[in-house]
Amino acid sequence: MFPKPILFFLFCAILLTSCFDRRPRSSFDPSRTPPPPNYQDKANWAAHPDFADMADSVPCTKAEDLQRLADVDVFFLYPTTYTGTKPGEKQWNAAPDDVALNKKTEQSTILYQSTIFNGVARVFAPRYRQAHLYSFFTKDSLSAEQALDVAYADVLAAFDYYIEYENKGRPFILAGHSQGARHGMYLLRDRIEQTNLANRLVVAYLAGWPVKQDFFKKTPPCQRPEQTGCFCSWRTWKREYGLKHAFEEDVVCTNPINWSTEEGLYAPKSENKGAVLRSFCDVYTQICDAEVYKGILLCTKPSFPGSALFIRNNYHIGDMNLYYMDIRANAKTRVDAFWKN
């Protein structure tokens with residue numbers, strides 16, 4: 001079971017602070033990289049419509065799993081869960097058949113993030129040889145890039161398999177957080193935006209990774225809540241800290257309450273549809289505001305049971321969960337608009 005008394009993103013914060021206990025001790029070595037997953041084997045999917053999984057869950061009394069009726073899919077790429085908190089997590093890339101890691105992934109990000117989309121889409125979430133969290137902090141940039149390339153190769157293979165054997169011509173949403181968003185933006189650029197698949201892209205949610213204004217050749221940032229064929233991206237910081245330290249003005253930032261990229265267009269807490277942070281059943285409404293500022297999203301510290309312990313300035317680990325119900329509602333808005341168009 002996912003830890004009951006602990007807040008989802010406090011749990012993630014603990015993982016972050018302990019990630020270097022068992023970091024890779026040597027440079028990237030291809031011979032020590034786990035073998036790639038075979039996506040014909042359903043065991044290599046953390047979520048798939050053909051079997052019951054955590055992506056079928058919904059917050060109590062607040063939503064409904066409608067995957068069986070959905071005429072759209074979501075291809076979801078989870079964030080880094082390979083953090084160095086287990087004795088076996090010393091390699092640069094995770095093994096897709098690591099039972100303990102897979103359980104952690106399913107009971108955290110699959111449950112708390114991929115479920116955002118089960119009201120409008122069938123959820124597909126491939127396991128992949130994710131790069132170790134240390135890849136984002138090490139000075140060994142070559143090893144980090146090699147580890148990320150391994151992870152991305154799996155994402156490409158999973159997407160290609162999904163399109164050929166699972167999609168069957170359906171429209172789809174692309175969604176990812178953190179490392180997942182990083183792979184997702186390359187996937188969008190390399191496999192989707194300059195192909196016929198672009199006509200079937202409802203929207204891409206790429207939260208928790210900076211996307212430069214000129215990264216895509218054809219895919220625009222979303223400017224309106226009903227716009228389709230576009231992408232959304234944001235990184236959440238505590239308001240006071242962000243006002244002092246934000247500087248990336250050439251990075252796209254979407255406000256996940258009003259769905260605009262306009263800087264200074266403030267969305268008050270009263271418009272926040274709800275966060276999912278503690279027990280998965282609990283939805284906390286009207287606790288988060290949002291404002292785009294110099295490439296990041298400002299959020300006044302939310303108030304909820306246990307929030308006094310949440311003292312971080314970077315709310316990265318809550319990028320999607322702070323706006324869980326907002327994203328869920330927006331996904332429906334965009335799917336409805338896609339079919340109207």
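Residues numbered from 1 in each chain as written. Predicted model: local features only at pLDDT ≥ 70, side-chain atom pairs only at ≥ 80, totals over all residues. Heavy atoms only, no water.

### A closer look at the state of the cysteines
Phase 1 of the analysis: This structure, assessed with the given rule, holds 2 disulfides.
Phase 2 of the analysis: Here C60 connects covalently by a disulfide to C281, the sulfurs 1.6 Å from one another. Highlighted residues: C60 in the loop between β1 (45-47) and β2 (73-77) and C281 in the loop between α5 (239-245) and β8 (291-293), separated in sequence by 221 residues.
Phase 3 of the analysis: The partly exposed category is assigned to C60, whose relative accessible area is 33%.
Phase 4 of the analysis: Of the residues examined, C281 reaches a relative accessible area of 32% and is grouped as partly exposed.
Phase 5 of the analysis: The partner cysteine of C222 in its disulfide is C230, sulfur to sulfur 2.0 Å. Classification of the bridge connecting C222 and C230 rests on its S-S torsion, roughly 95°, and on that basis the disulfide is right-handed.
Phase 6 of the analysis: Looking at C230, the relative accessible area reads 0%, which means it is buried.
Phase 7 of the analysis: Listing the disulfide partners of the protein chain by sequence rank of the bonded cysteines yields 1-4, 2-3. (Disulfide = S-S within 2.5 Å. Helix = DSSP H or I, 4+ residues; strand = E, 2+ residues; numbered from the N terminus. Buried < 20%, exposed > 50% of the residue type's maximum accessible area, 1.4 Å probe, protein only.)

### Things to note about the sheet that holds β2
Phase 1 of the analysis: One open sheet holds the 6 strands; their spatial order is β1-β3-β2-β4-β5-β6, and the pairing between them is mixed. A strand with exactly one partner marks an edge of an open sheet, and here the two such strands are β1 and β6 (230-232). Pairs of neighbouring strands in the sheet enclose a mean axial angle of 20°, with direction left out of account.
Phase 2 of the analysis: Judged from the 5 bridges that link them, β2 and strand β4 (residues 172-177) form a sheet pairing that is parallel. Bridged to F76 within β4 is A175. (Pairing = 2+ DSSP bridges. Axes fitted to C-alpha atoms, helices over the stretch in contact; angles between N-to-C directions.)

### Considerations on the environment of C230
Phase 1 of the analysis: Here C230 lies in strand β6.
Phase 2 of the analysis: As a C-alpha pair, C230 and E193 span 37 residues in sequence and 9.7 Å in three-dimensional space.

### Here's the deal with the packing of aromatic side chains
Phase 1 of the analysis: Here the structure, examined in full by the defined rule, presents 24 aromatic pairs.
Phase 2 of the analysis: Judged by centre distance (5.6 Å) and plane angle (45°), the rings of W237 and Y241 are tilted.
Phase 3 of the analysis: What makes Y241 partly exposed here is its relative accessible area of 32%.
Phase 4 of the analysis: Members of the aromatic cluster, joined through ring pairs, are Y39, W45, F75, F124, F159, Y161, Y162, Y165 and F172. (Phe/Tyr/Trp six-rings, centres within 6.5 Å; stacked < 30°, edge-to-face > 60°.)

### Description of the sheet that holds strand β9 (residues 296-299)
Phase 1 of the analysis: Strand order in the open sheet formed by 3 strands is β7-β9-β8, with mixed pairing between adjacent strands. Pairing within the sheet leaves two strands with one partner each, and these edge strands are β7 (236-238) and β8. The sheet shows a mean angle of 45° between the axes of neighbouring strands, taken without regard to direction.
Phase 2 of the analysis: As paired strands, β8 and β9 are joined by 3 bridges and run antiparallel to one another. Bridging from a neighbouring strand, E291 pairs with L298 of β9.

### A short note on the side chain of N44
Phase 1 of the analysis: Note on placement: N44 falls in the loop between α1 (8-17) and β1.
Phase 2 of the analysis: The exposure class of N44 is buried, given its relative accessible area of 11%.
Phase 3 of the analysis: The residues contacting N44, other than those within four sequence positions of it, are P37, N38, Y39, P96, P126 and R127. (Contact = heavy atoms within 4.5 Å.)

### Let's talk about unusual backbone geometry
Phase 1 of the analysis: A positive phi angle is found at S178, which is not glycine, with a value near 55°.
Phase 2 of the analysis: Its location among the elements puts S178 in the loop between β4 and α4 (179-192).
Phase 3 of the analysis: Judged by relative accessible area, S178 falls into the buried class, the value being 12%.
Phase 4 of the analysis: Look at W259: it is not a glycine, yet its phi comes out positive at around 60°.
Phase 5 of the analysis: Mapped onto the elements of the fold, W259 is located in the loop between α5 and β8.
Phase 6 of the analysis: For W259, a relative accessible area of 4% gives the class buried.

### Let's talk about the pattern of salt bridges
Phase 1 of the analysis: Using the criterion set out here, one finds 15 salt bridges in the structure.
Phase 2 of the analysis: Taking the shortest distance from any N to any O, the salt bridge between R235 and E248 comes out at 2.7 Å. Highlighted residues: R235 in the loop between β6 and β7 and E248 in the loop between α5 and β8, separated in sequence by 13 residues. Take R235 and E248: they sit in the same class, and that class is buried.
Phase 3 of the analysis: Of the charged contacts in the structure, one is a salt bridge between K332 and D336, with a shortest N-O distance of 2.9 Å. Taken together, the residues span about one helical turn, with K332 and D336 both in helix α6 (residues 324-340) at a distance of 4 residues.
Phase 4 of the analysis: Residue K332 is classed as partly exposed on the basis of its relative accessible area of 46%.
Phase 5 of the analysis: Looking at D336, the relative accessible area reads 33%, which means it is partly exposed. (Salt bridge = Lys/Arg side-chain N within 4 Å of Asp/Glu carboxyl O.)

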